[in-house]
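Reading the structure
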Amino acid sequence: MPEVEITIGGRSFEVACQDGEEHYLRAAAKMLDEEASVLTAQIGRIPEPRMLLMAGLMLADKTAGLQDKLRVMEDRMAEKEAELDQLRNAPLPEAERVEVPVVPAGLSDMLAEIAARTESLADQLEGEKATG
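Below or above, wherever it landed, is the structure these notes cover. Predicted model, so just to flag it, every value in this text is computed and none were measured. (Residues numbered from 1 in each chain as written. Predicted model: local features only at pLDDT ≥ 70, side-chain atom pairs only at ≥ 80, totals over all residues. Heavy atoms only, no water.)

Here we come to the nonpolar core. Ranked by size, the top nonpolar core spans 14 residues in total, and within it I6 and I8 carry the most contacts. Every element with two or more residues in this core is listed here: β1 (3–8), α1 (22–43) and α2 (48–89). Top element by residues in this core is α1. It accounts for five residues. When sequence neighbours within four positions are dropped, the list of residues in contact with I8 reads F13, A29, L32, D33, A36, M51 and L52. (Core = buried A, V, L, I, M, F, W, Y, C linked by side-chain atoms within 4.5 Å. Buried < 20%, exposed > 50% of the residue type's maximum accessible area, 1.4 Å probe, protein only. Helix = DSSP H or I, 4+ residues; strand = E, 2+ residues; numbered from the N terminus. Contact = heavy atoms within 4.5 Å.)

On to the pattern of salt bridges. Enumeration over the complete set of coordinates arrives at six salt bridges. The partner of K30 in a salt bridge is E34, and the shortest N-O contact between them spans 3.6 Å. Residue K30 and its partner E34 are both found in helix α1; the two are separated by four residues, about one turn of the helix. The residue E99 makes a salt bridge to R97 at a minimum N-O spacing of 3.7 Å. Here E99 falls in the exposed class, since its relative accessible area comes to 66%. On the basis of relative accessibility, which here comes to 71%, the residue R97 falls in the exposed class. (Salt bridge = Lys/Arg side-chain N within 4 Å of Asp/Glu carboxyl O.)

Attention now goes to the side chain of E35. Position of E35 relative to the elements: it lies in helix α1. Here the side chain of E35 touches K62 through a polar contact of 2.5 Å, side chain to side chain. Among residues more than four places away in sequence, those in contact with E35 are A55, M58, L59 and K62. (Polar contact = N/O pair within 3.5 Å; in protein donor to acceptor, adjacent residues only side chain to side chain.)

Our next topic: the environment of V98. Along the chain, V98 falls in the loop between α2 and α3 (107–131). Linking V98 and M110, residues twelve residues apart in sequence, is a C-alpha distance of 27 Å.

This part is about the pairing of strand β2 (residues 11–16). Pairing of β1 with β2 involves six bridges; the strand directions are antiparallel. Along β2, the bridge assignment pairs V4 with V15. Between the end of β1 and the start of β2, which pair antiparallel, lie two residues, with G9 showing a positive phi angle near 60°. (Pairing = 2+ DSSP bridges.)

So, on to the packing of α1 against α2. Two numbers describe how α1 lies on α2: the axes approach to 9 Å, and their chain directions differ by 115°. Remark: the crossing between α1 and α2 carries right-handed chirality. Together, M31, L32, E35, A36, V38, L39 and T40 of α1 and M51, L52, M54, A55, G56, M58, L59 and K62 of α2 make up the contact between the two elements. Along the lines of polarity and charge, the residues of the contact of α1 with α2 split into eleven nonpolar, two polar and two charged. (Axes fitted to C-alpha atoms, helices over the stretch in contact; angles between N-to-C directions. Left-handed = near helix turned anticlockwise from the far one by under 90°. Nonpolar A, V, L, I, M, F, W, Y, C, P; charged D, E, K, R; others polar.)

A few words now on a nonpolar patch on the surface. Together, V103, L107, M110, L111 and I114 give the surface a local cluster of nonpolar side chains, amounting to about 470 Å² of exposed area. Here L111 lies in helix α3. You can call L111 exposed: its relative accessible area is 52%. (Patch = residues over 30% accessible without salt bridge, like charges linked within 9 Å, V, L, I, M, F, W, Y side chains within 5 Å. Areas by Shrake-Rupley, 256 points an atom, 1.4 Å probe, with all protein chains shown as cover.)

Written out as structure tokens, the structure reads:
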């Protein structure tokens, strides 16, 4: 079991931990040291047990606040997941039927022929008026 030297509030401590847990111990000690530094900056030198107690309580307060926020976010996420599941499982709306008129085959050709005849007749009438 490795022993790690940590510093909290300007005081050094030897602490044992499980193999591979040294990083987590140092990170936790750093957070505790930051809180202890705030206390010593505000109050000055205070007895070690009181400093550790107060720094621990300050961290516990922050942790409790984060846990509350986490619960709220988990609840919101559960609501959104339920809403998403409901939308995924909802029946699709029935497609609206749209009727499009279909032009019978050959009608376009017939209309083009009629238009051509009409233009030809119009040309003939204009020619007769001009000569007559």
